[in-house]
Amino acid sequence: MAIESRIERIVETSSVCSMKTLVLCDDYWHPARVPRTGLGALKEVEFTFDWIENAHDWSPEQMMTYPLVILTKSNNVSATDQAGWMTDAVQAAFANYVHQGNGLLAIHSGTAEYDEMPVLRGLLGGVFTHHPEQCPVTVRPHVEHPLCIGSDPFTLKDEHYFMAVDDPGAEVFVTTKSEHGEQPGAWRRTEGTGRVAVLTPGHNVEVWLHPSYQALLLNALRWCGRAL
């Protein structure tokens, strides 16, 4: 086979295997640079990320062109605009998106300020309620769970998210613990033919960059995107 043909086949294969992923990020308390740095550190190249930092740039039609969405943004339009963006119509669009077989991964602030958003809350299976001051938080992946492969327990300074888990069938695969108590740190669930996962740690970039968190992140992405 000619070198040129082999190169073309490699490029074509890479393009086919790379999953387009939409990332919704940036709010008053959680700057976009944190998930940008954390996702940018993933060594695997099977995902490509497109970014929306201002919620006014989002549309349901655009979202439907992606098989996978990461929500790591609270109910703020942007870091400089604390107005809410999660309207009834936006919630319905997310529910429709997942019901049609797509994947949704909510990370840290993607669970915050949505406690009075019943449709999105139901989609996630639960939401953030509060957190104490930042403190050492131990992240404990559940041994032998498929989404915990390659991830070991670790302790770093973080916001310890306390969660209201509404779905009794949600499959918790990470537990977080601090001096303030123990909480579910990650879970997964299905909705219609779609897949939803939640990761609650991740206020600080050091958490995102920890090898064990990177493994959790990658496994959750693969599962939500039906590559695992």
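For every chain, the first residue of the written sequence is number 1, and numbering continues from 1 along that sequence. Per-residue local features are limited, in this predicted model, to residues with pLDDT of at least 70; the limit for side-chain atom pairs, both in listing and counting, is 80 or more; totals at the level of whole chains, interfaces and linings are taken over all residues. Hydrogen atoms and water are omitted, and side-chain values are computed over all heavy atoms in the structure.

Enquirer: Give a description of the overall build of the chain that names residues and reports values.
Expert: When you go through the chain residue by residue, the secondary structure sums to seven helices and eleven strands. This radius of gyration counts C-alpha atoms alone. The globule rule is 2.2 Å times how many residues there are, raised to the power 0.38. Relative to the globule expectation of 17 Å for 228 residues, the C-alpha radius of gyration of the chain, 17 Å, shows essentially globular dimensions. With respect to the three principal axes, the spread of C-alpha positions in the chain is 65 × 40 × 35 Å. Throughout, a contact is declared for two residues whenever any of their heavy atoms are within 4.5 Å. Considering only residue pairs separated by 6 or more positions, the chain has 72% of its internal contacts joining residues 24 or more positions apart. Per-residue and other accessible areas follow the Shrake-Rupley method at a 1.4 Å probe size, with only the shown protein chains counted as cover for residues. Taken as a whole, the chain presents about 10,500 Å² of accessible surface, with 53% of it coming from carbon and sulfur. Just so you know, the count uses Lys and Arg for positive and Asp and Glu for negative, and it drops His and the chain ends. Positions of charges follow a simple convention, taking NZ of Lys, CZ of Arg, CG of Asp or CD of Glu. Taking the 16 positively charged and 28 negatively charged side chains of the chain as two groups, their mean positions are separated by 7 Å. Strands are runs of DSSP state E lasting at least two residues, helices are runs of H or I lasting at least four, and both sets are numbered from the N terminus onward.

Enquirer: I'd like a description of the packing of aromatic side chains, backed by residues and values.
Expert: Each pair of aromatic rings taken from Phe, Tyr and Trp, with Trp reduced to its six-membered ring, is defined by centres within 6.5 Å and is described as stacked if the planes are under 30 degrees apart, edge-to-face if over 60, and tilted in the remaining cases. For the coordinates displayed, the defined rule picks out eight aromatic pairs. On the numbers, 6.5 Å between centres and 15° between planes, the contact of Phe47 with Phe49 is stacked. Under the scheme applied here, a residue whose accessible area is under 20% of the maximum for its type counts as buried, over 50% as exposed, and between as partly exposed, the area being computed with a 1.4 Å probe on protein chains only. Given a relative accessible area of 8%, Phe47 falls into the buried group. An angle of 70° between the planes, with centres 6.2 Å apart, marks the rings of Trp85 and Phe94 as edge-to-face. You can call Phe94 buried: its relative accessible area is 0%. Geometrically, a lysine NZ or arginine CZ counts as sitting over a ring once it is within 6 Å of the ring centre and also within 35 degrees of the ring normal. Lys20 extends its terminal NZ or CZ atom over the ring of Tyr66, reaching a point 4.7 Å from the ring centre.

Enquirer: If you had to explain the pattern of salt bridges to someone new, which residues and values would you point to?
Expert: Counted as salt bridges are all cases of a side-chain nitrogen of Lys or Arg within 4 Å of a carboxyl oxygen of Asp or Glu. Tallying each qualifying case throughout the model produces six salt bridges. A salt bridge links Glu171 to Arg188; the nearest nitrogen and oxygen atoms lie 2.9 Å apart. Placement of the pair is Glu171 in strand S9 (residues 171-178) and Arg188 in strand S10 (residues 181-191), with a sequence separation of 17 residues. Judged by its relative accessible area of 33%, Glu171 is partly exposed. Here Glu191 makes a salt bridge to Arg189, at a shortest N to O gap of 2.7 Å. Salt bridges sharing common partners tie together Asp167, Arg189 and Glu191.

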